Amino acid sequence: MKANVKLYWILTVFFFLVAALYTVWSLLDQAHQRVEWVGTIALLLSGLLWALIAFYLGKVHSAQGAELAEDRLDANIEDGDAEQGHFSPWSWWPIVLAASVSLVFLGVAIGPWIAFIGGGILIVSLVGWTYEYYRGYFAR
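Scoring rules and cut-offs
- Residues numbered from 1 in each chain as written.
- Predicted model: local features only at pLDDT ≥ 70, side-chain atom pairs only at ≥ 80, totals over all residues.
- Heavy atoms only, no water.
- Helix = DSSP H or I, 4+ residues; strand = E, 2+ residues; numbered from the N terminus.
- Rg over C-alpha atoms; globule rule 2.2 N^0.38 Å.
- Buried < 20%, exposed > 50% of the residue type's maximum accessible area, 1.4 Å probe, protein only.
- Lys, Arg positive; Asp, Glu negative; His and termini not counted.
- Charge placed at Lys NZ, Arg CZ, Asp CG, Glu CD.
- Salt bridge = Lys/Arg side-chain N within 4 Å of Asp/Glu carboxyl O.
- pLDDT = per-residue confidence, 0-100.

1. Points about the overall build of the protein
Logical step 1: Each helix and strand in the protein was counted, giving four helices and zero strands.
Logical step 2: Against the 2.2 N^0.38 benchmark of 14 Å for 140 residues, the protein shows a C-alpha radius of gyration of 25 Å, more extended than a compact globule.
Logical step 3: Buried residues in the protein amount to 21% of all 140 residues.
Logical step 4: Here the protein contributes 7 positively and 11 negatively charged side chains, and the mean placements of these two sets differ by 8 Å.

Below is the structure:
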């Protein structure tokens, strides 16, 4: 991760330099002789995006206390194998949730009455997925 942070800071500097070069180039253009704002702002925002990513990853790297297995050259594959969470392999609720979200977006695009139906199904599917392990075959 340490190498990635350095790379992202290099990309930040690169995008800021390219933004400055682009601004000067657009000012020296004989046809327009003015700043082309869309490209300049897009390049500046790209530099800010890389700065944000580099800052965040730098803070995460300094807060983790030691190097991860992914950062060591002598690490084995199983060294980085950690708990990824609990997933429901036989659950139908994610499919219902995806269908209800698609109905909500379809309702925004076509008609609000579809969004209301999708919103109702969305609430039911969220509650069903959250409380799936409290009832039925998989109750704990």
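2. Quick notes on the pattern of salt bridges
Logical step 1: Taken as a whole and judged by the stated rule, the model has one salt bridge.
Logical step 2: The shortest N-O distance in the salt bridge between D74 and R72 comes to 3.3 Å.
Logical step 3: The partly exposed category is assigned to R72, whose relative accessible area is 36%.

3. Focus: the confidence of the model for the protein
Logical step 1: For the protein, the average pLDDT comes to 88, and 95% of its residues sit at 70 or higher.
Logical step 2: Predicted confidence in the protein is weakest over helix α1 (residues 2-28), with a mean pLDDT of 92, and strongest over helix α3 (residues 93-109), with 95.

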